[in-house]
Amino acid sequence: MYQQPEESRWTGRIDSVKDERAFRLHQRIRLLDLSQPLAPAERAAAFIGFACDEGVRRNQGRQGAKEAPAAVKAALARLPWHLPEGVEAYDAGDVVYVEEQLEQSQAELGEAVARLLQNNMAPIVIGGGHETAYGHYLGVRKALGRERTIGIINIDAHFDLRPYDDGPTSGTMFRQILDQDERAGYFCLGIQRLGNTAALFADAEAYGCRYMLEDELTAGIGAAYEQIEEFAAKHDAVMLTICMDAISAAAAPGVSAPSPFGLSPALARALIRRIVSHPKTISIDLCEVNPRLDEGGKTVALAAAFCMEALLHFRRLQPRR
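Rules behind the numbers
- Residues numbered from 1 in each chain as written.
- Predicted model: local features only at pLDDT ≥ 70, side-chain atom pairs only at ≥ 80, totals over all residues.
- Heavy atoms only, no water.
- Core = buried A, V, L, I, M, F, W, Y, C linked by side-chain atoms within 4.5 Å.
- Buried < 20%, exposed > 50% of the residue type's maximum accessible area, 1.4 Å probe, protein only.
- Contact = heavy atoms within 4.5 Å.
- Helix = DSSP H or I, 4+ residues; strand = E, 2+ residues; numbered from the N terminus.
- Pairing = 2+ DSSP bridges.

(A) Quick look at the nonpolar core. Counting 57 residues, the largest nonpolar core has Leu25, Phe47, Leu76, Ile155, Leu189 and Met244 as its most contacted members. Those residues in contact with Leu189, other than ones at most four positions away along the chain, are Ile153, Asn154, Ile155, Asp156, Met212, Leu217, Ala224, Ile228, Leu271 and Ile275. Membership of the second largest hydrophobic core comes to 46 residues, among which are Ala112, Ile150, Met173 and Ala237.

Here is the structure:
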């Protein structure tokens with residue numbers, strides 16, 4: 001299931017081969033083979049892809065998100081390098097879904113995330129369908145151990161709390177986590193009433209989930225910042241998961257379930273900056289980019305920009321004060 005990183009993905013414009021101020025990410029990225037022993041890092045982040053949309057298929061969505069890791073990495077390669085001195089960025093390859101083995105593929109992703117965290121690297125997981133988040137969680141839980149609490153912040157139009165009696169999908173993972181882990185909490189930002197049934201709102205209440213509606217966020221982001229701080233304060237570590245269908249369809253058409261009333265990219269960027277800059281945030285994933293359905297590469301480009309924003313603002317990558 002694990003595929004080593006490919007140098008051929010990291011190409012792009014070269015403005016200079018000597019002046020590092022003119023470098024782009026493809027000139028700074030390093031390859032990291034997770035099948036080999038790792039050395040602990042000091043200030044490093046690693047991209048790990050999850051080439052899977054089996055959960056989307058099971059959830060009766062539009063497939064194509066398995067192509068996102070390659071597409072988003074290619075878009076990232078072209079972006080300018082603005083990270084602080086001493087920061088290292090790695091491509092740690094991809095976990096690729098094997099037919100009829102969704103759960104095993106998620107477990108493999110969890111192993112990759114755990115290895116990165118255990119070696120002091122900040123994982124940035126590029127999905128894949130939103131079933132990516134469950135594999136991401138498995139890795140965070142393994143790295144932290146059973147006793148510490150995990151706060152899961154989800155930027156999403158949907159709760160993804162559906163029942164999983166017939167097996168997990170891209171719409172069940174947070175219910176799975178809350179059912180099996182009493183030391184996990186869940187906060188969803190960007191929920192849309194027209195994207196969730198009344199039964200799902202009732203389930204969110206029953207599970208004690210915190211959430212903010214899309215129109216509440218649009219009315220003013222200050223309240224969201226306050227709730228993010230309150231939520232993080234109750235947990236030992238925070239993981240962020242981003243579903244691109246939370247973004248307005250005008251800016252992110254290439255997703256399984258486009259959102260006519262989604263968040264603006266600027267608002268989502270502000271949330272991402274705030275969350276990743278929190279000292280308790282240790283990892284992120286970004287999901288549901290579907291290159292097959294993308295109009296003019298808008299969604300891929302926006303996803304790459306969000307990943308770079310995470311790199312730029314991750315607290316653990318900043319110079320020590």
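(B) Quick look at the pairing of strand β4 (residues 88–96). For β4, the buried fraction is high: 7 of the 9 residues fall into the buried class. Relative to β4, strand β1 (residues 2–3) runs antiparallel, the two being bridged by 2 bridges. Opposite Gln3, over in β4, you have Asp94 as the bridge partner. As paired elements, strand β2 (residues 30–31) and β4 share 2 bridges and run parallel to each other. Looking across to β4, one finds that Arg30 is bridged to Tyr90. Examined bridge by bridge, strand β3 (residues 44–51) and β4 share 7 bridges and lie parallel to one another.

(C) A look at the side chain of Thr149. Summarising the element assignment, Thr149 is placed in the loop between α5 (132–144) and β6 (150–155). In this structure Thr149 comes out as buried when scored by relative accessible area, which is 14%. Contacts of Thr149, omitting those with residues within four sequence positions, involve Arg183, Lys234, His235, Asp236 and Ala237.

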